[in-house]
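This is what each chain is made of:
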Amino acid sequence: MTDAQQTADDAAPPTAEPSGPAAVPLLAPREGVPEVTADDAGLAAVVAAFAAGSGPVAVDAERASGYRYGQRAYLVQLRREGAGTVLIDPVACPDLSALGAVLSGTEWVLHAAMQDLPCLRDIGMVPEQLFDTELAGRLAGFARVGLGVMVENVLGYSLEKGHSAVDWSSRPLPEPWLRYAALDVELLVDLRDALEEELAKQGKLEWAHQEFAAIVAAPPPPPRKDPWRRTSGVHKVRRRRQLAVVRELWTTRDHVAQRRDLSPGKVLADAAIVAAAQAVPADVTALAALPGFGHRMGRRQLAQWQAAIDRAKRLPEAQLPQPGQPAAGPPPPRSWADKDPAAAARLAAARAAVTAHAEELRLPQENLLTPDTVRRLCWEPPARPEPELVAESLRALGAREWQIEQTVPLLTQALAAGA
């Protein structure tokens with residue numbers, strides 16, 4: 001156990017009784033399970049309490065992935081010194097911009113921030129600075145960085161499990177779910193403090209600050225082009241007419257899912273879409289015989305899906321989708337040896353160098369430099385394998401300064417060797 005871990009242990013809150021002599025203590029909320037804030041008066045009180053609080057604020061959000069359409073938040077949890085823990089219903093209180101405003105300039109502590117920031121942004125909460133405990137764990141060299149594992153390994157406490165994949169859009173939310181949600185922010189600041197100390201000991205704290213700043217500055221991702229192509233199993237569909245069936249069924253399913261506020265997979269499974277595309281059924285009777293369109297599906301629903309298939313059948317050849325979509329950036333590395341042997345040699349040398357250095361630094365290769373960045377650099381290298389030009393290329397590809405500092409020497413050498 002490091003000094004940081006011991007310090008965090010000494011400061012940790014009381015816990016419930018462990019389940020056995022060798023059990024890890026089970027964490028219990030310090031102030032009990034708070035009531036859910038679900039009206040304007042309650043929200044105003046929360047805003048005032050957090051404005052008067054001090055230090056970083058722990059933030060988490062629960063979504064209903066697999067149950068509802070989209071990734072909106074159905075519960076927001078916060079904790080701050082002097083304000084305690086609060087649970088907010090963002091369905092009843094859909095605008096939390098006032099809370100976000102009083103927390104401007106305050107460091108937000110999240111675990112896997114990229115998962116929660118989009119849904120928090122939708123309700124008016126956007127951090128100006130943050131500390132991501134999952135990313136910090138990766139940079140510090142922890143092999144497993146889930147919140148429960150990190151709290152147990154770093155702080156010595158066990159979080160309740162079992163409610164992460166429940167339907168958080170349910171109302172009212174059961175007390176055990178609320179307890180689980182409150183515990184997600186109970187020790188987040190303690191974990192942050194321990195990880196900050198560990199990163200400082202390893203000389204990686206500035207690296208973490210650069211990573212966190214990049215997350216804050218990142219714009220929302222653009223809409224995905226041709227999202228229907230991500231249908232699971234679509235690689236089994238070869239012909240353009242069949243791909244048109246996938247596209248029409250996917251689009252129809254998306255409209256239905258959005259209208260009914262259901263996860264698309266609950267409306268029609270990807271496997272059913274692929275089966276229909278492969279068979280291209282002539283009518284509703286043939287469609288009903290396919291997997292995923294069985295006896296439990298009503299006649300009206302079958303007619304809806306068959307209409308989508310029929311639309312694909314009527315499309316002129318010029319409107320049929322191409323078998324593959326041109327990728328933005330380099331082609332798949334498996335084709336490099338034939339298309340550009342020199343690029344393949346550069347990539348092999350660069351990958352080996354980055355992997356070896358990441359192991360030396362005790363962090364995942366993708367955190368030292370993303371595989372996509374390495375591929376793009378090797379496919380379109382600078383005019384000359386010189387450190388200044390390699391650094392300029394990496395900077396243009398979005399690499400942080402610490403990544404550039406750590407990888408420019410080895411990548412310069414790799415590009416020169418593959419020239």
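Keep in mind that this is a model prediction, so the values were computed, not measured.

### Observations regarding the packing of aromatic side chains
Per the counting criterion, the structure on display carries five aromatic pairs. Relative to tryptophan 402, the ring of tryptophan 207 lies with its centre 4.4 Å away and its plane at 10 degrees, an arrangement referred to as stacked. On the criterion of sequence distance, the pair formed by tryptophan 207 in helix α9 (residues 205-217) and tryptophan 402 in helix α20 (residues 401-417) is long-range, its members being 195 residues apart. What makes tryptophan 207 buried here is its relative accessible area of 12%. Put simply, the rings of Trp168, Trp177 and Tyr180 touch in pairs and so form one group of aromatic residues. The side chain of arginine 72 reaches across the aromatic face of tyrosine 74, ending 5.0 Å from its centre.

### Structural notes on helix α19 (residues 387-396)
By the burial criterion, the buried members of α19 are Val390, Ala391, Ser393 and Leu394. Buried residues of α19 fall within an arc of 160 degrees about the axis and therefore sit on the same side. Across α19 from its buried face, at more than 90 degrees, point the exposed residues Glu388, Glu392 and Ala396. Positive backbone phi, at 95 degrees, marks glycine 398, one or two positions downstream of α19.

### Description of the pairing of strand β2 (residues 54-63)
Among the ten residues in β2, seven count as buried, and that is most of the element. Examined bridge by bridge, β2 and strand β5 (residues 107-110) share two bridges and lie parallel to one another. When the sheet's bridge partners are listed, alanine 58 is paired in β5 with valine 109.

### Some points on the UniProt feature "domain: HRDC" (unreviewed entry) in the protein
Feature annotation in UniProt assigns "domain: HRDC" (unreviewed entry) to the following positions: residues 239-319. As annotated, residues 239-319 has a helix share of 69% and a strand share of 0%, and its two end C-alpha atoms lie 13 Å apart.

Basis of the calculations
- Residues numbered from 1 in each chain as written.
- Predicted model: local features only at pLDDT ≥ 70, side-chain atom pairs only at ≥ 80, totals over all residues.
- Heavy atoms only, no water.
- Phe/Tyr/Trp six-rings, centres within 6.5 Å; stacked < 30°, edge-to-face > 60°.
- Helix = DSSP H or I, 4+ residues; strand = E, 2+ residues; numbered from the N terminus.
- Buried < 20%, exposed > 50% of the residue type's maximum accessible area, 1.4 Å probe, protein only.
- Lys NZ or Arg CZ within 6 Å of the ring centre and 35° of its normal.
- Arc of directions from axis to C-beta.
- Pairing = 2+ DSSP bridges.
- UniProt positions renumbered as here; feature names shortened; annotations may be inferred.

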